[in-house]
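The residues making up each chain are set out below.
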Protein chains: 2
Amino acid sequence: MVRRTSLEGARCPVARALDVIGDWWSLLIIRDVFDGLRRFSELHESLGAARGILSARLRRLVEQGVLELVPASDGSAYKEYALTPKGQGLFLVIVSLRQWGEDFLYAPDEPRSGLVDAKTGEPVARLKLRTKNGRPLDWDNTLVKMPAE
Amino acid sequence: MVRRTSLEGARCPVARALDVIGDWWSLLIIRDVFDGLRRFSELHESLGAARGILSARLRRLVEQGVLELVPASDGSAYKEYALTPKGQGLFLVIVSLRQWGEDFLYAPDEPRSGLVDAKTGEPVARLKLRTKNGRPLDWDNTLVKMPAE
DNA sequence: TCAAACTGGTTCTATCTTAGAACTAGAGGC
DNA sequence: GCCTCTAGTTCTAAGATAGAACCAGTTTGA
């Protein structure tokens, strides 16, 4: 880790989250696992990260309970990486990053990939902020309420 | 930057997004700006980042069009940082990180902050994945469709 | 008015991380 | 059994960060 100041005990959930998956490679690893890559060598080839770094990141993600090592699905004696429920919970983080990237980081006419319903091919809708009652909300109409303490 | 391999031209929007805001400090800076902090000294105090690092990150975020320098709102000759539309687009990324952090990074009885409607105090709902038609969807029923090329 | 303090940085060095290559132990294939 | 593949570990050079020191322009206040 480069940031020597750990955010582990921070009051802010965003800071805590970034302390776990806010480094250079973790979210890309997790994206690849969501995309079906499981084995060390697959991840190494896909990401191009140095093996030492990849190894350290995977170990940390396992320690943090985001990934777990399970027996390889091809029946060999090797292991592969799988998302825990905690790791699966990161899907919307990936989706929000994807949607932002599609909106602001592509030339207007540049071809781009898109997330679709695997069964019907129907595109996934843009994520939307709503109140618990389902009323749409903009960011400038929100505020963070601190615990009563 | 630590990652020497730039992801700028990557085909994947997640990779492009992380190339812009995937470093150690950028998302925390943006979170603070969403929370109303604007001035260099406010951000420095809130984040505890070294001044040199904070300065470099802010400059990069301005270059990337995520933040912009505007005249300070107190009428002084100083400037302050504000979110551009591109920066405002990151709100759902912050919200998804916040919700994940609240779900998985807090002890069950630990007090936590929450995002609410500023006008009514009504809590913000969990983000939910849906198809364009509004049908709820789980992560394991999605796939990434590549452009026709 | 003019010195002191504040703002918003820049620059410096020691320390830590990363990239990339070389090396290794165990599993599989022939 | 021998060679290759898998999944790492270890090594070094190069690059990034933390924290302190420094500095120019702005504001305060006696």
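Residues numbered from 1 in each chain as written. Chains lettered and ligands numbered in written order. Predicted model: local features only at pLDDT ≥ 70, side-chain atom pairs only at ≥ 80, totals over all residues. Heavy atoms only, no water.

A.B. asks: Looking at this structure, I do not really get the overall build of chain A. What am I missing?
C.D. replies: Secondary structure assignment for chain A yields six helices and four strands. When the helices and strands of chain A are read in sequence order from the N terminus, they spell out α-α-α-α-β-β-α-α-β-β. The C-alpha extent of chain A, read off along each of the three principal axes, is 55 × 45 × 30 Å. Every one of the 149 residues in chain A was classed for burial, and the buried ones make up 47%. Partitioning the intrachain contacts of chain A with sequence separation of at least 6 by distance along the chain shows that 38% fall at a separation of at least 24. If you sum the accessible surface of chain A, you get close to 7600 Å²; carbon and sulfur atoms cover 51% of it. Separation between the mean location of the 22 positive side-chain charges and that of the 20 negative ones in chain A comes to 6 Å. (Helix = DSSP H or I, 4+ residues; strand = E, 2+ residues; numbered from the N terminus. Buried < 20%, exposed > 50% of the residue type's maximum accessible area, 1.4 Å probe, protein only. Contact = heavy atoms within 4.5 Å. Areas by Shrake-Rupley, 256 points an atom, 1.4 Å probe, with all protein chains shown as cover. Lys, Arg positive; Asp, Glu negative; His and termini not counted. Charge placed at Lys NZ, Arg CZ, Asp CG, Glu CD.)

A.B. asks: Explain the nonpolar core to me, please; I cannot follow it from the model alone.
C.D. replies: Formed by 80 residues in total, the largest nonpolar core has its most connected members in Ile29 of chain A together with Ile29 of chain B. Apart from residues no more than four positions distant in its own chain, Ile29 of chain B is found in contact with Leu43, Leu47, Leu54, Arg57, Leu58, Leu61 and Leu67 of chain B. (Core = buried A, V, L, I, M, F, W, Y, C linked by side-chain atoms within 4.5 Å.)

A.B. asks: Any chance you could explain the interface of chain B and chain A here in plain terms?
C.D. replies: On the side of chain A, 77 residues touch chain B, which itself brings 77 residues to the contact. Taken together, both faces of the contact between chain B and chain A bury some 7600 Å²; the carbon and sulfur share is 68%. Linking chain B with chain A are six salt bridges. A salt bridge links Arg135 of chain A to Asp117 of chain B, with the shortest nitrogen-to-oxygen separation between them at 3.3 Å. Put simply, chain B and chain A have 29 residue pairs in polar contact (both at pLDDT 80 or more) between them. Element by element, the count of residues in the side of chain B that touches chain A is highest for helix H6 (residues 91-104) of chain B, at 12 residues. Direction of pairing for strand S3 (residues 114-117) of chain A relative to strand S4 (residues 142-145) of chain B: antiparallel, over a ladder of four bridges. Paired with Leu115 of chain A across the two strands is Val144 of chain B, which belongs to S4 of chain B. (Buried area = accessible area lost by both parts, 1.4 Å probe. Salt bridge = Lys/Arg side-chain N within 4 Å of Asp/Glu carboxyl O. Polar contact = N/O pair within 3.5 Å; in protein donor to acceptor, adjacent residues only side chain to side chain. Pairing = 2+ DSSP bridges.)

A.B. asks: Where do I start with the pairing of strand S2 (residues 79-83) of chain B in this structure?
C.D. replies: Looking along a regular strand, one sees side chains alternate from face to face of the sheet. All names here are of chain B. With four of its five residues buried, S2 lies for the most part within the structure. Pairing of strand S1 (residues 67-71) with S2 involves five bridges; the strand directions are antiparallel. If you follow Pro71 over to S2, its bridge partner there is Lys79.

A.B. asks: I'm lost on the environment of Tyr81 of chain B in this one. Help?
C.D. replies: All names here are of chain B. Topologically, Tyr81 is positioned in strand S2. Taking the relative accessible area as the measure of exposure, Tyr81 reaches 12% and is therefore buried. Sequence separation between Tyr81 and Ala56 is 25 residues, and the spatial gap between their C-alpha atoms is 14 Å. Apart from residues no more than four positions distant in its own chain, Tyr81 is found in contact with Val33, Arg38, Leu58, Val62, Leu67, Glu68 and Leu69.

A.B. asks: Help me understand the UniProt feature "domain: HTH hxlR-type" (unreviewed entry) in chain A, please; the structure alone is not making it clear to me.
C.D. replies: With numbering aligned to this structure, UniProt lists the feature "domain: HTH hxlR-type" (unreviewed entry) at residues 12-109 of chain A. In this annotation, residues 12-109 of chain A is assigned 58% helix and 10% strand; the end-to-end C-alpha distance for the span is 39 Å. (UniProt positions renumbered as here; feature names shortened; annotations may be inferred.)

A.B. asks: I tried to follow the relation of the copies chain B and chain A on my own but got confused; where do I start?
C.D. replies: Superposing the two chain copies requires a rotation about an axis and a translation along that axis. Screw-axis analysis of chain B against chain A gives a translation of 0.0 Å along the axis, an RMSD of 0.0 Å, and a rotation angle of 180°. In short, the pair behaves as if placed about a two-fold rotation axis. Counting the interface residues of chain B, we find that 100% of their copies in chain A are interface residues as well, pointing to one common contact surface. (Least-squares fit on C-alpha atoms with pLDDT ≥ 70 in both.)

A.B. asks: Got a minute to help me understand helix H1 (residues 13-21) of chain B in this structure?
C.D. replies: Residues lying three or four places apart along an α-helix face the same way, a consequence of the helix completing one turn every 3.6 residues. Counting buried positions over the nine residues of H1 of chain B gives nine, a clear majority of the element. For H1 of chain B, the set of buried residues is Pro13, Val14, Ala15, Arg16, Ala17, Leu18, Asp19, Val20 and Ile21 of chain B. Looking at the buried positions of H1 of chain B, the neighbouring elements they touch are helix H2 (26-34) and helix H6 (91-104) of chain A together with helix H2 (26-34) and helix H4 (51-63) of chain B.

A.B. asks: What exactly am I supposed to notice about the side chain of Lys86 of chain B here?
C.D. replies: Structurally, Lys86 of chain B can be placed in helix H5 (residues 85-88). A distance of 2.7 Å separates the side chain of Lys86 of chain B from the backbone oxygen of Gln64 of chain B, its partner in a polar contact.

A.B. asks: What is the right way to read the packing of H2 of chain A against helix H4 (residues 51-63) of chain A from this model?
C.D. replies: The geometry of a pair of packed helices is captured by two quantities: the angle between their axes and the separation between those axes. Residues and elements named next belong to chain A. Where H2 meets H4, the closest approach of the two axes is 10 Å, and the angle between their N-to-C directions is 75°. One element, H2, and the other, H4, form an angle in the roughly perpendicular class. Across the interface between the two elements, Ser26, Ile29 and Ile30 from H2 touch Leu54, Arg57, Leu58 and Leu61 from H4. Within the contact of H2 with H4, the residues separate by chemical class into five nonpolar, one polar and one charged. (Axes fitted to C-alpha atoms, helices over the stretch in contact; angles between N-to-C directions. Parallel < 35°, antiparallel > 145°, perpendicular 65-115°, else oblique. Nonpolar A, V, L, I, M, F, W, Y, C, P; charged D, E, K, R; others polar.)

A.B. asks: Explanation requested: the packing of H6 of chain A against H6 of chain B in the structure shown.
C.D. replies: Interhelical geometry of H6 of chain A versus H6 of chain B gives an angle of 175° and a closest axis separation of 9 Å. Regarding the angle of H6 of chain A to H6 of chain B, the classification is roughly antiparallel. Contacts between H6 of chain A and H6 of chain B involve Leu92, Val93, Ser96 and Leu97 of chain A on the former and, on the latter, Leu92, Val93, Ser96 and Leu97 of chain B. Residue composition of the contact of H6 of chain A with H6 of chain B, by class: six nonpolar, two polar and no charged.

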